[in-house]
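What the coordinates show
The residues making up each chain are set out below.
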Amino acid sequence: MSPEVVLFRSEEKKDRSEVVEFCRTLADKLGQGELTLRAGSEEIHLVFPQNVVLELKVEEETKHGKLKKTFELEIEWYEGDESGTGGEVSIS
């Protein structure tokens, strides 16, 4: 098993409305099947297959005496694999 290689990483503080706009753009690009991410001089172009795996995770931990909560959304796929797995999640 080969080690994980980070191809692109970005982390920045944003207002919630800015995150909403970013997610809308992300959703539109995902619907089109491809997108390009840019941060400074870094850039990566992604092409998504029709079927992907959507992973959602909510965590909490105490850090520096404060309760930190994290919501992670991960989209994954294997090159050349069009199958998806997992149960259906809904948002309300």
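What comes next is a walk through the structure. These figures come from a predicted structure and were not determined experimentally.

Let's shift gears to the overall build of the protein. Secondary structure summary: the protein contains one helix and four strands in total. When the helices and strands of the protein are listed from N to C terminus, the series reads α-β-β-β-β. Within the protein, the proportion of its 92 residues that are buried is 7%. Element-wise, carbon and sulfur atoms account for 50% of the exposed surface of the protein, whose accessible area totals about 8800 Å².

You will see that His64, though not glycine, has its phi angle at about 55 degrees, which is positive. Relative to the helices and strands, His64 is located in the loop between β3 (53-63) and β4 (66-76).

Our next topic: helix α1 (residues 16-32). For α1, built from 17 residues, the straight-helix expectation of 24 Å at 1.5 Å per residue is met to within 8% by its first-to-last C-alpha distance of 25 Å. Looking one or two residues past α1, Gly33 carries a phi angle of roughly 100 degrees, positive in sign.

Before going further, it helps to spend a moment on a nonpolar patch on the surface. Together, Leu54, Leu56, Val58, Phe71 and Leu73 give the surface a local cluster of nonpolar side chains, amounting to about 530 Å² of exposed area. The set of elements that each furnish at least two residues to the nonpolar patch consists of β3 and β4. Per-element tally for the nonpolar patch: the top contributor is β3, with three residues. Within the fold, Leu56 resides in strand β3. The exposure class of Leu56 is partly exposed, given its relative accessible area of 37%.

Turning our attention to the pattern of salt bridges. All told, the structure shown has six salt bridges when counted by the stated rule. For Glu12, the salt bridge goes to Lys14, with nearest N and O atoms at 3.7 Å. Glu12 gets classed as exposed once you look at its relative accessible area, which sits at 54%. Judged by its relative accessible area of 36%, Lys14 is partly exposed. Arg38 is the partner of Glu43 in a salt bridge, and the nearest nitrogen-oxygen pair spans 2.8 Å. Look at Arg38 and you get exposed, because its relative accessible area is 58%. One salt-bridge network, held together by shared partners, links Lys57, Glu59 and Glu72.

Conventions adopted
Residues numbered from 1 in each chain as written. Predicted model: local features only at pLDDT ≥ 70, side-chain atom pairs only at ≥ 80, totals over all residues. Heavy atoms only, no water. Helix = DSSP H or I, 4+ residues; strand = E, 2+ residues; numbered from the N terminus. Buried < 20%, exposed > 50% of the residue type's maximum accessible area, 1.4 Å probe, protein only. Areas by Shrake-Rupley, 256 points an atom, 1.4 Å probe, with all protein chains shown as cover. Expected span 1.5 Å × (residues − 1). Patch = residues over 30% accessible without salt bridge, like charges linked within 9 Å, V, L, I, M, F, W, Y side chains within 5 Å. Salt bridge = Lys/Arg side-chain N within 4 Å of Asp/Glu carboxyl O.

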